[in-house]
Amino acid sequence: MVSLGSMAKIIRTPEQSGQMAKASQPHPGTPASQDKMYQDQFLSLDELIAPKSDFSKKSRGKTLDDIRELMGKNQWENILALYYPVEDKVPDLVAAGMDIPVREKIAFALGQVGRFDDAIAELLVCTRKEPDNFFARSSLAYTAYNSLYANKNKEIFLTPDLKAKRLALAHDSLKKAQELRPDGVTNFYRQGMLISQIENKPEQALPLFLRACQNWEGLSPADQEARHQEKKNYIKSLYRLASLQLSAGNGDAALERIKTCLSLDEKSNHISLPLKYFALGKVYFHLGKTVEARDALMFAHQSRGSRPGDFVVELLARTFLALGKKERAMEVLNTIPEQARRPYFRWTEADALCAMNKFSEARQVLKKSMARDNRSRHKTLLKLAKICYLQKDFSETEKYAVDADHFFQNQWNNPYGEGMFWTALAQCRQGRTRQALETAEKLKAHFRFFPRLDQLISFIKEQTE
């Protein structure tokens, strides 16, 4: 029992109470009271004391482990059955704001089964929450890119409006991923493929493939090892770059690139042997190294197995023609069934027949080709015009050249220089020099530096005098 005297000892005056209150104020450096607590995006009191935070991390880790295991077995539908929609299947991760890595993998699974719209929706959630997340941006670009390829291959159908939006999304995402990782390879390669294969503007893709190659070559050996998964797209960029550099007239650079590609891809074969050696043969052919071209193309032809290889056969035959072996060229061409011979193949077939002085047969081959060619018929018509010219059938030369020009104009709303040139020459050969000069002057108005134009005009004027 406490005595009154003891109670008196613990009763304090107001002054004493004030001093005690002052003494209880936190000293600078001691923990702050809750109302003055510093909390930010990295830590809050609730996060400190709530055990669900650790649980969510463990839960996400288990979810990701499960998904990775299923991905390793390509069990895409099982992944979706277990974890999609994310809001329904793993609500704890969504509530904890820890769903982004899961959504990224779910989106990949959706893309694998062709559900591109759903995959894109998941990745848009990721990029809205984390706009500078490189992996989410890269995945969004890849999914949009894949959907455009699926549309090109007629696996899905995108309306023109949706295709335009999907293209814009792919480009925007690729550019953002490139900004986030400017020394990367894959996103420059993919944008190059998007432009060259989907938009059919190969010349505009050259700088992107070049950048992809330069980025890989600029990495240290240690960085290349750390990012080894990008080496495949470096090799593919080399292959594409060689082709574009050849088209741009830089054959020496193209040869260097395709040789590097062959060396690095010798074991991995990310690009098939027929394609690589066809590319090598094509470069050699355009550099005038016909023996080397023949050897490369023969190897490409022999290694194609049962796969169609009409493009390899066509260039091999053209190489034999360049070597003066017309019978060998014809022999090679005949390895492709007639019903499988596309227009460009028929052009080389006609050239081989002409080399053997079989002009009538060549004309028949080209006329057959026109029946199934609604895109490059002008080239077939022009070749017919030239054959007729060699046979001194100048009226037929004019007819085919005029038809070639008309077809080209109807298709692309532009004059066809080759058609106009041979029309003018055929008119001159028939003695209609005034009309020939008018046609040549019309050609000059459209194409001032057309090859041999000045020579043509001089020739027509000589015949007029």
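Since the model is a prediction, treat every value here as computed from it, not as a measurement.

Concerning the environment of Lys 282
Phase 1 of the analysis: Tracing the sequence through the fold places Lys 282 in helix H17 (residues 273-286).
Phase 2 of the analysis: Owing to a relative accessible area of 30%, Lys 282 belongs among the partly exposed residues under this scheme.
Phase 3 of the analysis: A C-alpha to C-alpha distance of 8.1 Å links Lys 282 and Leu 297, two positions 15 residues apart in sequence.
Phase 4 of the analysis: With sequence-adjacent residues up to four places away left out, Lys 282 is seen in contact with Leu 246 and Leu 315.

Section: the pattern of salt bridges
Phase 1 of the analysis: Within the structure shown, the criterion is met by 28 salt bridges.
Phase 2 of the analysis: As a salt-bridge pair, Asp 65 and Arg 68 come within 3.1 Å of each other at their nearest N and O atoms. In this pair, Asp 65 and Arg 68 both sit in helix H4 (residues 52-72), three residues apart, roughly one turn of the helix.
Phase 3 of the analysis: Taken together, the shared-partner salt bridges connect Glu 87, Asp 99, Arg 103, Glu 122 and Lys 129 into one network.

Here we look at the environment of Lys 105
Phase 1 of the analysis: For Lys 105, the position within the fold is in helix H8 (residues 100-112).
Phase 2 of the analysis: Each C-alpha atom of the pair Lys 105 and Ser 139 lies 9.4 Å from the other, and the pair is 34 residues apart in sequence.
Phase 3 of the analysis: In this view, Lys 105 contacts Leu 64, Ile 67, Arg 68 and Met 71; residues no more than four positions away in its chain are not counted.

Observations regarding the nonpolar core
Phase 1 of the analysis: If you look at the biggest cluster of nonpolar residues, it comprises 119 residues, and the most contacted ones within it are Ile 79, Ile 106, Leu 194 and Ile 258.
Phase 2 of the analysis: Per element, the largest residue contribution to this core is eight residues, and it comes from helix H15 (residues 231-247).

What counts and how
- Residues numbered from 1 in each chain as written.
- Predicted model: local features only at pLDDT ≥ 70, side-chain atom pairs only at ≥ 80, totals over all residues.
- Heavy atoms only, no water.
- Helix = DSSP H or I, 4+ residues; strand = E, 2+ residues; numbered from the N terminus.
- Buried < 20%, exposed > 50% of the residue type's maximum accessible area, 1.4 Å probe, protein only.
- Contact = heavy atoms within 4.5 Å.
- Salt bridge = Lys/Arg side-chain N within 4 Å of Asp/Glu carboxyl O.
- Core = buried A, V, L, I, M, F, W, Y, C linked by side-chain atoms within 4.5 Å.

In short, the description is geometric, and any link to function would need to be established separately.
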